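The chain contents come next:
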Amino acid sequence: MPSPAEPDPRPLTGEPLAIDLLNTRWIDAAGRHDLLHSLEGTAVWLNTPLVREALDGTPVPADHDTRERLHQARAALDEAVANPAHPTPAAVTAVNDVLAHGRLRQVLHPDGPDAVVEVDAPAWLPAWAAIADFLRLLADRPERIRACGNSQCVLHFYDVSKNGTRRWCSMSGCGNRAKAQRHYARHRQD
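Notes on the structure in this doc start here. Predicted model only: the values in this text are computed from it and were never measured.

Conventions and cut-offs
- Residues numbered from 1 in each chain as written.
- Predicted model: local features only at pLDDT ≥ 70, side-chain atom pairs only at ≥ 80, totals over all residues.
- Heavy atoms only, no water.
- Core = buried A, V, L, I, M, F, W, Y, C linked by side-chain atoms within 4.5 Å.
- Buried < 20%, exposed > 50% of the residue type's maximum accessible area, 1.4 Å probe, protein only.
- Helix = DSSP H or I, 4+ residues; strand = E, 2+ residues; numbered from the N terminus.
- Contact = heavy atoms within 4.5 Å.
- Arc of directions from axis to C-beta.
- Pairing = 2+ DSSP bridges.
- Expected span 1.5 Å × (residues − 1).
- Patch = residues over 30% accessible without salt bridge, like charges linked within 9 Å, V, L, I, M, F, W, Y side chains within 5 Å.
- Areas by Shrake-Rupley, 256 points an atom, 1.4 Å probe, with all protein chains shown as cover.
- Salt bridge = Lys/Arg side-chain N within 4 Å of Asp/Glu carboxyl O.
- Lys, Arg positive; Asp, Glu negative; His and termini not counted.
- Charge placed at Lys NZ, Arg CZ, Asp CG, Glu CD.

**Comments concerning the nonpolar core**
Of all hydrophobic cores here, the largest spans 44 residues; its most connected members are Leu21, Trp45 and Ile131. If one sorts the elements of this core by residue count, helix H6 (residues 125–140) sits on top with 8 residues. Ignoring anything within four residues of it in the chain, the contact list for Ile131 reads Ala73, Ala76, Leu77, Val95, Val98 and Leu99.

**Remarks on unusual backbone geometry**
With phi around 55°, Asp56 is a residue other than glycine that occupies positive phi space. Taking relative accessible area as the criterion, Asp56 reaches 69% and is therefore assigned exposed.

**Here's the deal with helix H5 (residues 89–99)**
Every buried residue belonging to H5 is among Ala91, Val95, Val98 and Leu99, and all of these are buried. Seen along its axis, H5 keeps its buried residues to an arc of 105°; they face one direction. Turning to H5, the residues buried within the fold contact helix H4 (64–81), strand E3 (102–109) and H6.

**Quick notes on the pairing of strand E4 (residues 112–119)**
Two faces belong to every sheet, and in a regular strand the side chains alternate between them. Direction of pairing for E3 relative to E4: antiparallel, over a ladder of 8 bridges. Bridge pairing in E4 links Leu104 to Val117. In this structure, the hairpin formed by E3 and E4 is closed by a connection of 2 residues.

**Digging into H6**
Between its terminal C-alpha atoms H6 stretches 22 Å, which fits the 22 Å expected from 16 residues at 1.5 Å a residue. Within H6, the full set of buried residues consists of Leu125, Pro126, Ala127, Trp128, Ala129, Ala130, Ile131, Asp133, Phe134 and Leu137.

**Observations concerning a negative patch on the surface**
Together, Glu53, Asp56, Asp111 and Asp114 make up a region of like negative charge exposed at the surface. Within the secondary structure, Asp114 is located in strand E4. Under the relative-accessibility criterion, Asp114 is labelled partly exposed at 36%.

**Looking at the pattern of salt bridges**
Applying the stated rule across the entire model yields 10 salt bridges. The salt bridge involving Asp34 is made with Arg74; its shortest N-O contact spans 2.9 Å. Separated by 40 residues along the polypeptide, Asp34 in strand E2 (residues 31–34) and Arg74 in helix H4 bring together distant segments of the chain. Ionic pairing is found between Arg105 and Glu118, a salt bridge with its closest N-O pair at 2.3 Å. Placement of the pair is Arg105 in strand E3 and Glu118 in strand E4, with a sequence separation of 13 residues. Taking the relative accessible area as the measure of exposure, Glu118 reaches 28% and is therefore partly exposed. Salt bridges linked by common partners bring Asp8, Arg10 and Asp20 together as one network.

These figures capture arrangement, not role.
Have a look at this one:
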């Protein structure tokens, strides 16, 4: 099983798990990137603190099966984020196809009730967890699931700003580029 040799290279991290999986693809000055293109990149993603916490410390191999399940979940999320409040029938089917491979089982432990995630195979756990997290975001505030306002950017975010008006994946990246373009356009007109 590959282990991460490098730190996470993505420009935007720290989003909820579902959005973080979507953001395993990005574009920068060097071109298009896909962290899940390789097993090494898959290992990087699986070993981020966010993913380790979401999987409750359950080790998941960074193998071909896990990577394929993550690709399936990411494709389902791509369909669903196009219109999160009103998903298309294709998005509903894609999301439900991933969810069909896992479930929450209610259990009682000596110290109280708990819910345990059960999946068909360990390779399904991160994909299932990401889709389950997407359902949590939909139940909370679907209108806050957004694509970056920069048409050249493929990143997404969950807007947690107080007034819900965030437009950019990051103010230091796409936001500053937009401000610079507006400034340049204003001064060209003079």
